[in-house]
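Secondary and tertiary structure notes
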Amino acid sequence: MAPPLDPESERSESQGTPLTADPAKAEAVRAVVESVRASSHLRAVIVRVTSGDQEILTEAVGESMTGVPATTAMHFRNGAVAISYVATLALLLEEQGALSLDDKVSQYLPDLRYADRVTIGQLAQMTSGYADYVADPLMADAQYAEPFRPWTPEELIAYSTGKPLVYAPGTNWNYSHTNYVILGLVIEKATGRSVDDLLQEKVLGPLGLENTEDPGTAAIPEPALHAFTSERREFLKLKPGEPFIEESTYWNPSWTITRGAVQTTNIFDLNTTAHAIGSGRLLKPESYQKMITRDLIGKTTAIDGCPTCFPQSVGYSYGLGIVTSGSWVLQNPLFSGAAGAFGYHPPTRTSIAVAVTFEPEAFDPATGGYANAADQLWRLIGETVVPDDPPPIRR
């Protein structure tokens, strides 16, 4: 496993004292940022790139709000990044004998539909077959009708367990938020403790992630990076091309993952996460290998009616709470008008963290849809700083 960056160095950077940088690489990364910012219509970009114990670039460009520059001190939601923390927590609990990934979910949630057919490990790898509540039109309409609504895990799960399994557990894969909502409930039952407390004690605290937390509400600590979106365009029945943008900074994100892991963070913690989670710093070697497994390659297929069922490949393979792509590992959240990503290259200990928000031109004028420019950006940065082994690029 790669050794961690020195925590004291991390703290000094956040206080404005950078580590030794490579000026040429910093300029090359800066050029990539500016290029993607223009082509993808990004309002703000916050980026931090390190290699081993050296900083390449930490910088913010653009505006958070009109007249308010984005800064590297700003906080933002981390979304699916927290999935990697919850997966790490599950593996740590297995190491400590509190549960086994081979346990049936029914051991902890006996009344949950299909729980007697699904294992904890299948939840963690998203091979359970549970439908994704986010893909349910009724849930989507309810969410867009009340974007500030707080959701309970039970409300979210009900949209999924009321449907048949998409496939027999363990036989395919689909990205389904349902898995990690259920996994959080399993962890609470197995330990008698909240996911929030467990993550702080076993993951966030040991990694020194002092700016990562679940505030328990839709709040974001100040200074906050503000987000804007057009994604409710179709729901609001607006005419195609009609100008429309709304602030989404404080839309309630309780639907995104299990309670206790609905988090905010900053670019320093996101970069630390890249190399700490990406190298398995907290895990025994055998647990880390479970996390970064590529055993789904060649075993998954597309399924009609399942938009997130697709064949896994070297370019995208889901392990336990983390994605491998080429020689890199990553997470790449996108929701409510903001996107982010971390990428880590174990051979060179290169860590990339980005957070972005969008201008109105980034959204489809008819549907309000938009692409994850953060995922494209970190990959292009990776191509720049590790040219001999770049991450696969989605052209």
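Attention here is on the structure that accompanies the text. None of these values were measured; they are calculated from a predicted model.

A separate point is the overall build of the chain. When you go through the chain residue by residue, the secondary structure sums to 11 helices and 13 strands. For the chain, whose C-alpha radius of gyration is 20 Å, the value lies close to the compact-globule estimate of 21 Å for 395 residues. Across its three principal directions, the C-alpha atoms of the chain cover 55 × 55 × 40 Å. Per-residue burial for the chain yields a buried fraction of 57% across its 395 residues. Taking as baseline every contact in the chain between residues at least 6 positions apart, the subset at least 24 positions apart corresponds to 69%. A total of about 15,300 Å² of accessible surface is found on the chain, and carbon and sulfur atoms cover 54% of it. With 29 positive and 47 negative side-chain charges, the chain shows a separation of 4 Å between the mean positions of the two kinds.

Another aspect to go through is the packing of helix α2 (residues 23-39) against helix α11 (residues 373-385). Across the interface, α2 lies against α11 with an axial gap of 10 Å and an inter-helix angle of 150 degrees. The angle between α2 and α11 places the two elements in the roughly antiparallel class. In the packing of α2 onto α11, the handedness of the crossing is right-handed. Every residue of α11 that contacts α2 at Lys25, Ala28, Val29, Val32, Val33 and Val36 is listed here: Ala373, Leu377, Leu380, Ile381, Thr384 and Val385.

Now for the packing of aromatic side chains. Tallying each qualifying case throughout the model produces 15 aromatic pairs. Ring centres 6.0 Å apart and planes at 65 degrees place the aromatic pair Trp173 and Tyr316 in the edge-to-face group. You can see Trp173 sitting in the loop between α6 (153-161) and α7 (177-191) and its partner Tyr316 sitting in the loop between α10 (285-291) and β8 (317-318), a full 143 residues away along the chain. Under the relative-accessibility criterion, Trp173 is labelled buried at 0%. Here the aromatic residues Trp173, Tyr175, Phe310, Tyr316 and Tyr318 are joined through ring pairs into a cluster of three or more. The lysine or arginine in question, Arg149, covers the ring of Trp151, its NZ or CZ lying 3.6 Å from the ring centre.

Following the sequence through the fold, Ala31 ends up in helix α2. For Ala31, a relative accessible area of 47% puts it in the partly exposed group. As for Ala31 and Ile381, which are separated by 350 residues in sequence, their C-alpha atoms are 9.5 Å apart.

Moving on: the state of the cysteines. For the coordinates displayed, the defined rule picks out 1 disulfide. The residue that forms a disulfide with Cys306 is Cys309, at a sulfur-sulfur distance of 2.0 Å. On the S-S bond that ties Cys306 to Cys309, the torsion sits near 75 degrees, and the link is right-handed. Residue Cys306 is classed as buried on the basis of its relative accessible area, which comes to 11%.

In this model, α7 (15 residues) spans 22 Å end to end at C-alpha, consistent with the 21 Å of a helix rising 1.5 Å per residue. Most of α7 is tucked away: 12 of the 15 residues are buried. Within the sequence span of α7, burial applies to His177, Thr178, Asn179, Tyr180, Val181, Ile182, Leu183, Gly184, Leu185, Val186, Ile187 and Glu188.

In this section: the pairing of strand β13 (residues 350-358). In terms of burial, β13 is a largely internal element, 9 of the 9 residues being buried. Relative to β13, strand β1 (residues 42-51) runs antiparallel, the two being bridged by 9 bridges. Residue Thr50 lies in a different strand from β13, and its bridge partner there is Ser351. Bridge analysis of strand β12 (residues 338-345) against β13 gives 8 bridges, and the strand direction is antiparallel. Its bridge partner lying in β13, Gly340 is registered against Ala355. Counting the residues that bridge the hairpin from β12 to β13 gives 4 residues, and of these Arg349 lies at a positive phi of roughly 55 degrees.

Cut-offs used in this document
- Residues numbered from 1 in each chain as written.
- Predicted model: local features only at pLDDT ≥ 70, side-chain atom pairs only at ≥ 80, totals over all residues.
- Heavy atoms only, no water.
- Helix = DSSP H or I, 4+ residues; strand = E, 2+ residues; numbered from the N terminus.
- Rg over C-alpha atoms; globule rule 2.2 N^0.38 Å.
- Buried < 20%, exposed > 50% of the residue type's maximum accessible area, 1.4 Å probe, protein only.
- Contact = heavy atoms within 4.5 Å.
- Areas by Shrake-Rupley, 256 points an atom, 1.4 Å probe, with all protein chains shown as cover.
- Lys, Arg positive; Asp, Glu negative; His and termini not counted.
- Charge placed at Lys NZ, Arg CZ, Asp CG, Glu CD.
- Axes fitted to C-alpha atoms, helices over the stretch in contact; angles between N-to-C directions.
- Parallel < 35°, antiparallel > 145°, perpendicular 65-115°, else oblique.
- Left-handed = near helix turned anticlockwise from the far one by under 90°.
- Phe/Tyr/Trp six-rings, centres within 6.5 Å; stacked < 30°, edge-to-face > 60°.
- Lys NZ or Arg CZ within 6 Å of the ring centre and 35° of its normal.
- Disulfide = S-S within 2.5 Å.
- Expected span 1.5 Å × (residues − 1).
- Pairing = 2+ DSSP bridges.

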